[in-house]
Amino acid sequence: MNENGTAQSGVSIQSSVFWFIIKRMQVAIMNHRSIEANRIVVKVGTSSLIHPNGAVNLETFDQLAYTLSALNNQGKELILVSSGAIGVGLNKMHLKKRPSEIGAQQALAAIGQSELMTLFTQRFNHYLTDIAQVLLTHDIFDYPKSNKYVMDTFNCLLKDNVIPIVNENDTVATDELDHKTTFGDNDQLSAIVASHVNADLLIVLSDIDGFYDQNPKKFANASLIPTVNIINEETFTVAGGSGSRFGTGGMQTKLLAAKRMLAENRQMILANGRDPRIILDILAGKKIGTLFTKNRSENQPQSETSPTINH
Ligand SMILES: Nc1ncnc2c1ncn2[C@@H]1O[C@H](COP(=O)(O)OP(=O)(O)O)[C@@H](O)[C@H]1O
Ligand SMILES: N[C@@H](CCC(=O)OP(=O)(O)O)C(=O)O
């Protein structure tokens with residue numbers, strides 16, 4: 001090997017290292033999403049809080065409390081919309097399935113809601129974070145004074161670094177004649193709350209990694225859609241019902257929530273709530289789950305196999 005040869009191999013090693021670094025940077029940029037959010041609503045579904053065998057998923061409660069406390073300490077404003085009253089009530093009463101009579105369901109929600117808050121209080125206390133329970137019915141948003149006082153309540157709590165934990169007031173919510181008090185489900189409730197409190201971001205945690213081009217519980221070849229810019233009738237055709245015996249709305253109600261967010265130019269991320277610490281990664285900019293956004297610059301496919309709905 002002559003002098004020139006040695007110099008050339010040194011240059012070619014340098015060049016390979018250079019291209020390796022550039023490639024890694026490109027991959028890092030491709031997998032990065034910039035999410036600027038200070039006021040955040042997080043919705044967690046029953047399927048994330050309850051194991052398939054009906055028992056309470058203590059890890060999820062703990063990781064949720066840990067994650068939201070960490071973000072609260074960073075100065076973020078957080079509201080948790082938590083389902084689970086009926087699921088926890090069923091577990092507490094050793095029942096395998098939801099009763100059909102409304103009164104019995106409302107009784108279970110009454111039992112489960114207080115148990116749900118006990119679990120949250122224990123875990124949030126562990127991380128030295130204050131929480132508050134806010135139970136809502138739909139009519140609150142139809143009356144200006146009620147609406148104003150509820151918004152004042154949220155703002156007071158957030159100002160004092162207290163995390164409001166919201167659920168529908170299942171024990172009293174019913175629709176009759178022109179008196180409409182139900183939200184339908186907590187996906188809708190979380191979107192309505194996000195609108196009213198002027199949240200920057202709604203994070204919906206479910207038992208699935210995001211929105212797929214077909215129901216992944218039925219079709220093994222379903223592909224995750226990383227970004228959705230527009231929701232129309234075609235989008236709804238691939239959204240099926242709930243995948244567990246605890247969930248209520250399935251993907252249909254999550255799309256309705258996302259539609260509302262898009263109409264108001266807010267962002268929503270649908271991600272898997274198996275480990276709620278995923279929220280920290282989402283806010284750090286990792287491309288996780290499905291981002292619903294009007295911002296088309298976010299419309300970069302995550303991989304060649306992941307399509308993007310962008311009609
Ligand atoms: N296109 C789709 N993409 C993802 N999930 C879907 C789709 N269509 C239907 N689903 C079902 O929606 C379920 C999530 O909704 P749901 O059971 O109501 O959960 P949660 O309790 O979190 O609200 C998934 O587990 C899946 O079975
Ligand atoms: N308010 C009800 C939850 C209703 C609901 O939408 O549940 P989910 O589909 O699990 O988010 C409860 O606390 O049991």
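Residues numbered from 1 in each chain as written. Chains lettered and ligands numbered in written order. Predicted model: local features only at pLDDT ≥ 70, side-chain atom pairs only at ≥ 80, totals over all residues. Heavy atoms only, no water.

This paragraph deals with the overall build of the protein. In terms of regular secondary structure, the protein is built from ten helices and ten strands. Burial analysis of the protein (311 residues in total) assigns 48% to the buried set. Sequence-distant contacts, at least 24 apart, represent 73% of the contacts inside the protein between residues at least 6 apart. (Helix = DSSP H or I, 4+ residues; strand = E, 2+ residues; numbered from the N terminus. Buried < 20%, exposed > 50% of the residue type's maximum accessible area, 1.4 Å probe, protein only. Contact = heavy atoms within 4.5 Å.)

Turning our attention to the UniProt feature "binding site: substrate" (unreviewed entry) in the protein. UniProt feature "binding site: substrate" (unreviewed entry): in the numbering of this structure it lies at Ser83, Asp170 and Asn186. In three dimensions, the annotated residues from a span of 104 residues occupy one location, with a maximal C-alpha spread of 10.7 Å. With respect to the helices and strands, Ser83 occurs in the loop between β2 (77-82) and α4 (85-92). Once residues lying within four places of it in the same chain are set aside, the contact partners of Ser83 are Lys43, Val44, Gly45, Thr46, Leu49, Leu116, Asn167 and Asn186. Tracing the backbone through its elements, the reader meets Asp170 in the loop between β4 (163-168) and β5 (175-176). Contact partners of Asp170, with chain neighbours within four places excluded, come to Ala85, Gln106 and Ala109. (UniProt positions renumbered as here; feature names shortened; annotations may be inferred.)

Moving on: the site of ligand 1. Ser206, Asp207, Lys217, Ser242 and Lys254 are the nearest of the 27 residues found near ligand 1. Interatomic distance of 3.4 Å between a side-chain N/O atom of Asn215 and an oxygen atom of ligand 1. Relative to its unbound accessible surface of 580 Å², ligand 1 loses 99% to contact with the protein. Put simply, the parts of the chain that give the shell around ligand 1 at least two residues each are α2 (46-49), β7 (201-206) and α9 (250-263). Here the element with the most residues in the shell around ligand 1 is α9; it accounts for three residues. Each residue belonging to the shell around ligand 1 can be placed in one class, and the counts come to eight nonpolar, 15 polar and four charged. (Near = heavy atom within 4 Å. Polar contact = N/O pair within 3.5 Å; in protein donor to acceptor, adjacent residues only side chain to side chain. Areas by Shrake-Rupley, 256 points an atom, 1.4 Å probe, with all protein chains shown as cover. Nonpolar A, V, L, I, M, F, W, Y, C, P; charged D, E, K, R; others polar.)

So, about the packing of aromatic side chains. Aromatic ring pairs are described here by two measures, namely the spacing of the ring centres and the angle between the planes. Taken as a whole and judged by the stated rule, the model has five aromatic pairs. Geometrically, the ring pair formed by Phe61 and Phe120 is tilted, given 4.9 Å between the ring centres and 50° between the ring planes. Note that Phe61 is positioned in helix α3 (residues 58-73) and Phe120 in helix α5 (residues 102-126), a separation of 59 residues in sequence. Phe120 sits in the buried class, given a relative accessible area of 0%. (Phe/Tyr/Trp six-rings, centres within 6.5 Å; stacked < 30°, edge-to-face > 60°.)

Attention shifts here to the environment of Ile278. Within the secondary structure, Ile278 sits in helix α10 (residues 278-283). Between the C-alpha atom of Ile278 and that of Gln63, which follows or precedes it by 215 residues, the distance is 9.5 Å. Apart from residues lying up to four places away in sequence, Ile278 is in contact with Leu205, Ala271, Asn272 and Ile288.

The next subject is the nonpolar core. Counting 44 residues, the largest nonpolar core has Val41, Leu136, Phe154, Val166, Val193, Phe211 and Phe292 as the members making the most contacts within it. When residues of this core are assigned to their parent elements, the largest contribution, six residues, is made by α9. Counting residues in each nonpolar core, the second largest holds 34 residues, with Ala65, Met117, Leu119 and Leu283 among its members. (Core = buried A, V, L, I, M, F, W, Y, C linked by side-chain atoms within 4.5 Å.)

Remark: α4 packs on α5, axes separated minimally by 7 Å, with the N-to-C direction vectors making an angle of 95°. Regarding the angle of α4 to α5, the classification is roughly perpendicular. Facing Ala85, Ile86, Val88, Gly89, Leu90 and Lys92 of α4, the residues of α5 in contact are Gln105, Leu108, Ala109, Ile111, Gly112, Gln113, Glu115 and Leu116. Classifying every residue of the contact of α4 with α5 by side-chain character gives eight nonpolar, four polar and two charged. (Axes fitted to C-alpha atoms, helices over the stretch in contact; angles between N-to-C directions. Parallel < 35°, antiparallel > 145°, perpendicular 65-115°, else oblique.)

This part takes up the environment of Asp142. Topologically, Asp142 is positioned in the loop between β3 (131-136) and α6 (144-159). In this structure Asp142 comes out as partly exposed when scored by relative accessible area, which is 47%. Separated by 46 residues in sequence, Asp142 and Gln188 have C-alpha atoms that sit 15 Å apart.

Buried residues dominate β2, accounting for five of its six residues. Across six bridges, the pairing between strand β1 (residues 39-44) and β2 is parallel. By the bridge assignment, Lys43 is partnered in β2 with Val81. (Pairing = 2+ DSSP bridges.)

Turning our attention to the side chain of Asn147. Residue position: Asn147 is located in helix α6. Discounting residues that sit within four places of it in the chain, Asn147 has contacts with Ile140, Phe141 and His196.

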